[in-house]
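# Coordinate analysis (summary)
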Amino acid sequence: MAISTAVVLAAGEGTRLRPLTRNRPKPMLPAANQPILQHVLDALVESGIDRIVVVVGYRRERVQEHFGSRYRSARLEYVVQEKQLGSGHALLQARSVADGPLVVVNGDQLVDSEAVSRVVDAYEPGETVMAVVERPDANRYGVVRLEEDAVVELVEKPDDDAYRLINAGIYAFGPEIFGAIEETPRRDGELILPDTIERTIAAGSVRAVRTDGLWADATYPWDLLDVAEEVLAGGRTGSDPDGIWIDPDARVHEQATLQPPVVVGPDCEIGPSSVVGPTVALAENSTVGSNVTLSRVVVDADCRIGHGSTLLDAVLGQNVHLGPAVTVAGGPGDVSVGNRIFEEEALGAVLADRVDVGGGASFEPGSLVGPGVRVATGVVVGGNVGEGAEVRR
Amino acid sequence: MCGIIGCFGRGDDTLDTLVDGLEKLEYRGYDSAGVALAGETLAVCKTAGTVEELRSALGARSMAGHVGIGHTRWSTHGPPTDENAHPHLDCEGEVAVVHNGIIENYQPLRDELEAAGHRFTSDTDTEVVPHLVEEALAAGESPERAFRSAVERLEGSYAIVALVEGHDGLFAARNDSPLVIGLGDGTAGDPNPEQFFIASDVPAFRAFTDQVIYLDDGEFAHLDGGLTVTDAEGNRQSKAVNTIEWAATETGKSGYEHFMLKEIHEQPRAIRQCLRGRVDERSATVDVGEPGELSPTGVQFLACGTSYHAALYGAALFRDAGVPAQAFYAHEYATAPPPIGDDLVVGISQSGETADTLSALREAANRGARTVALTNTVGSTMDRECDHTLYIRSGPEIGVAATKTFAGQLVALNLFSLAAAERATTRRAVVPALRDLPGDAQQVLDESNAEAVAAEYDSAKSYFFIGRGLQFPVALEGALKLKEISYEHAEGFAAGELKHGTLALVDDQTPVFALVVGDGEKARKTIGNIKEVEARDAPVVVVTDGQNDAARYADHVLRVPASHPRAAAILGNIQLQLVAYHVADRLGRSIDRPRNLAKSVTVE
């Protein structure tokens, strides 16, 4: 049965990705130079969806400004979830504008059009269809147990690792889903979409389709490096077979070396004798000075990287300014998030939006630096630095 | 100032196409609206009010036809009433006409027609046109010949589209008012388009095609399933087909409450587009094509409204580079031009259709001046009439109050002065600041407390804005923005001027917004002016980059990132735009369509 309308859930901040979500929601974080949400919209448009309702909330201006009222061939409409009270609650906000059968996707996970098409093709009125994908690390996500193609169990982050299939966050529902969400008991005040699906399993009406294409989710800030790697490996940023994509409005000095995979956005400048790549995404209007080394680095828009800097395993937010000879020596390092310690992560440092770093400063492995932090010349930074702090020797 | 549209070949969708198109043109006027369709007979529906009110009027009746015209009006002759709304008809209701512009000789024509027995039902200048056509038809002329005969009698400015009952097509003519034709079903280079559109501006039909032809003054067009363009003598003209680069997408409100708020938030993008491919930071060079190679020995800027504030800023940049430069109100310049000599004359207009600015530029060109257009609109009259053009590339702006296009104008003026006149040392300081501007503008938008400041002062008696140097035009613009959309009294001043008179008006009910950036002499002196108003108990809101101690004297502070003073002007202006927006929003004003105003003023 043909479905032409999709609802994209893009209202949540993605708190585990702090400090990068200070100024925008997780769907707007970069997956190799394009917001995660843009890849999601691509998948929807390429599977024939022509009307997309985007549920927005946290920092919604950033979503609306970026995509406007049309994306490729699809019409975009926005509905607002004022308080972020769960995925089911988010979907309910679209009730007034969505009537027929719907595709529902998470706006903060990378999916491909093949998976969306399979869900659409499998849908029959009166039932629910969801996409599942096999992952070795399934117990990090919401997992699914199947009998034939019928879903028999949904479990959020199970303790045992017997599960292999995860919920890919792509669903097809009939309009009856809205009533079913309203009847679902709240959990900690929130309406969770998988809870609603779980309740309809008893009626035997939830089917799964398997997909084996691109699927990626960033849970923590350093996951953006893996996401970029995955996008670049899939060639989704362009068609250049060499794995080097340079926007026509970028200026790369002839004596700079680019090692694939690497993507350079519009208005970027790269100075002489710099070595950029492998696995580097340089978003628009960023500057790389002379003699800079970048490897496995995500640089968001409007960054300035001073001459002679070396950055390994680093994630830079927007408008980060680094003076000359700044060093991020790379992972592995221990990262502390809340009261958890992640050991031996392949992370040099995460520098959130508008961090300003003086010349010669360096970052110990696993550093998380909050938005607007100012680091003085020559300082060695380690651990977590809170928003707006000034770090001096 | 009005918006007109016509279409042919849209079948049963004709009426919807016209009304949707009119909505896209409402920025040009919105006090009355109407449509006419020709099927077996001619049917008209028109009403005082917005296009939405036209929609509800249409809901009550059925109209069919596959060729039609529509109009959204901003009154010049006669108040906004049902009768004065377009389209206008002849005595028998067989000729329907929509018009944008002013017919200067309408009174003698009307007297003559009335003497010949024609009955007029409106106060408009336009109504003479259908009656002139009727007169010519009665004399046995063909519909096309009759339309030409009518137009030949007109003096003044006009874009006219007409329907004649029993004739399967549209007639159009242009003189001094914009008119653009859209071709086909959107496929580039299709040699046999089946659908034709004609409108005052491209957004009206952008959803259907990106292939357009701009009519020139004195030309006629006939759309009847094919397109024929002829000059005033009837000779066929071959016209270039242009491709529109921007998408229809850019004209929706996309989840924002108002176009103005959307456009304020689009400024980082607008600035990026303006800079794209034009600056190189490593070599500190700027490339804006021909206008950058002119090496002027003097510059005269001509503009009105917000663009005039950009002109003041631009003139200051050229003076900074050692080139004598001055900004003029275009309407004053047109009737009393100064000596031009070898000066370069630069017109600034978002739409490129501002009648006052066009008229001033023509006056300058007649006196032999080289002219440059600084505009947002490719293919606009100003673009085509000037010797050179510098595009600001801000994308379509729908809100009547200019926001992102002012930012685009200031950035483009920087590029222009850097390329045409500035020393390398200045370029090395300014180019990096310009490249930082998109990110800095985003920071202002992300962190602004303007909404809270607006809440403090939404019931003030008057608002004053002061600034010095490059911040002076921003003070003027901050006051204009507040006036336009909040209907409250506001004035902008050079900071030093306040004490020469206006200080008498300052009391505890008149907040003063002061722009203070950097830590130089201008900042110190402006802080002195702040103390003067503070001594009169005025609440003070300081817009500052934190490089000086102005915040100490302020009741509220609006912060901008530290940057070059040229960039700080653009950043401080964003804060003032947000203040104006939130004050107007709290007062419940019609923000995108303020009373008595229209977006581009195509009458003098």
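Reference entry: report on the structure contained in this document. These numbers were taken from a predicted model, which means no experiment stands behind them. (Residues numbered from 1 in each chain as written. Chains lettered and ligands numbered in written order. Predicted model: local features only at pLDDT ≥ 70, side-chain atom pairs only at ≥ 80, totals over all residues. Heavy atoms only, no water.)

Let's shift gears to the sheet that holds strand β18 (residues 325-329) of chain B. Residues and elements named next belong to chain B. Spatially, 5 strands are ordered β18-β17-β19-β20-β21 in an open sheet, and the strand pairing comes out parallel. Two strands in the sheet have a free side with no partner beyond their single neighbour: β18 and β21 (388-391). Within this sheet the neighbouring strands show an average axis-to-axis angle of 20°, counted without direction. In this sheet, strand β19 (residues 344-349) lies alongside strand β17 (residues 299-303) in parallel orientation, the contact comprising 4 bridges. Its bridge partner lying in β19, Leu-302 is registered against Gly-347. Packed onto the sheet, helix α10 (residues 355-366) meets β17, β19 and β20 (370-375) and runs at close to 170° relative to β19. Across the face of the sheet, helix α12 (residues 404-420) comes into contact with β17, β19, β20 and β21 while running at roughly 160° to β19. (Pairing = 2+ DSSP bridges. Helix = DSSP H or I, 4+ residues; strand = E, 2+ residues; numbered from the N terminus. Axes fitted to C-alpha atoms, helices over the stretch in contact; angles between N-to-C directions. Contact = heavy atoms within 4.5 Å.)

By the element assignment, Ser-157 of chain B lies in strand β7 (residues 156-164). Ser-157 of chain B has contacts with His-99, Asn-100, Gly-101, Ile-102, Ile-103, Asn-175, Asp-176 and Ser-177 of chain B, leaving out every residue within four places of it along the chain.

Our next topic: the state of the cysteines. Residue and element names in this part refer to chain B. Taken as a whole and assessed by the stated rule, the structure comprises 0 disulfides over all chains. Take Cys-274: it sits in no disulfide, and the sulfur closest to it among the cysteines is that of Cys-386, at 17 Å. Summary of cysteine pairing: Cys-386 is not part of a disulfide, and the nearest cysteine sulfur, belonging to Cys-304, is at 14 Å. We classify Cys-386 as buried; its relative accessible area is 10%. (Disulfide = S-S within 2.5 Å. Buried < 20%, exposed > 50% of the residue type's maximum accessible area, 1.4 Å probe, protein only.)

As a further point, take helix α1 (residues 36-46) of chain A. All names here are of chain A. Across the 11 residues of α1, 10 count as buried, placing the element largely inside the fold. Residues of α1 that are buried include every one of Ile-36, Leu-37, Gln-38, His-39, Val-40, Leu-41, Asp-42, Ala-43, Leu-44 and Val-45, and no others. Just downstream of α1 lies Gly-48, where phi reads positive at about 95°.

Let us look at the packing of helix α3 (residues 106-115) of chain B against helix α4 (residues 128-138) of chain B. Residues and elements named next belong to chain B. One can describe the packing of α3 onto α4 by two numbers: an axis separation of 10 Å at closest approach and a directional angle of 45°. The angle between the axes of α3 and α4 places the two elements in the oblique class. Both α3 and α4 take part in a crossing whose hand is left-handed. In this structure, α3 uses Tyr-106, Leu-109, Arg-110 and Leu-113 to contact α4, whose residues at the interface are Val-128, His-131, Leu-132 and Glu-135. (Parallel < 35°, antiparallel > 145°, perpendicular 65-115°, else oblique. Left-handed = near helix turned anticlockwise from the far one by under 90°.)

Another point: the sheet that holds strand β10 (residues 196-199) of chain B. Residues and elements named next belong to chain B. On the basis of which strands lie adjacent, the open sheet formed by 8 strands has the order β3-β2-β4-β1-β10-β9-β11-β14 and antiparallel pairing. In this open sheet, the two strands that pair with only one neighbour each are β3 (42-48) and β14 (242-243). By the bridge criterion, 7 bridges tie strand β1 (residues 2-8) to strand β4 (residues 67-73) in an arrangement that is antiparallel. Its bridge partner being in β4, Ile-4 is matched across the sheet by His-71.

Turning to the environment of Met-130 of chain A, a few remarks are in order. Relative to the assigned elements, Met-130 of chain A resides in strand β9 (residues 128-134). Ignoring anything within four residues of it in the chain, the contact list for Met-130 of chain A reads Val-119, Val-144, Val-151, Leu-154, Asn-167, Ile-170, Tyr-171, Ile-197, Val-206, Arg-207, Ala-208 and Val-209 of chain A.

It is worth spelling out the nonpolar core at this point. Residues and elements named next belong to chain B. Core analysis: the biggest nonpolar cluster contains 85 residues, and Phe-301, Val-346, Leu-413, Leu-415, Tyr-463 and Phe-465 have the highest contact counts within it. Element by element, the count of residues in this core is highest for helix α17 (residues 565-586), at 12 residues. Setting aside its immediate chain neighbours within four residues, Leu-415 contacts Cys-274, Leu-275, Arg-278, Val-279, Val-286, Val-288 and Leu-434. (Core = buried A, V, L, I, M, F, W, Y, C linked by side-chain atoms within 4.5 Å.)

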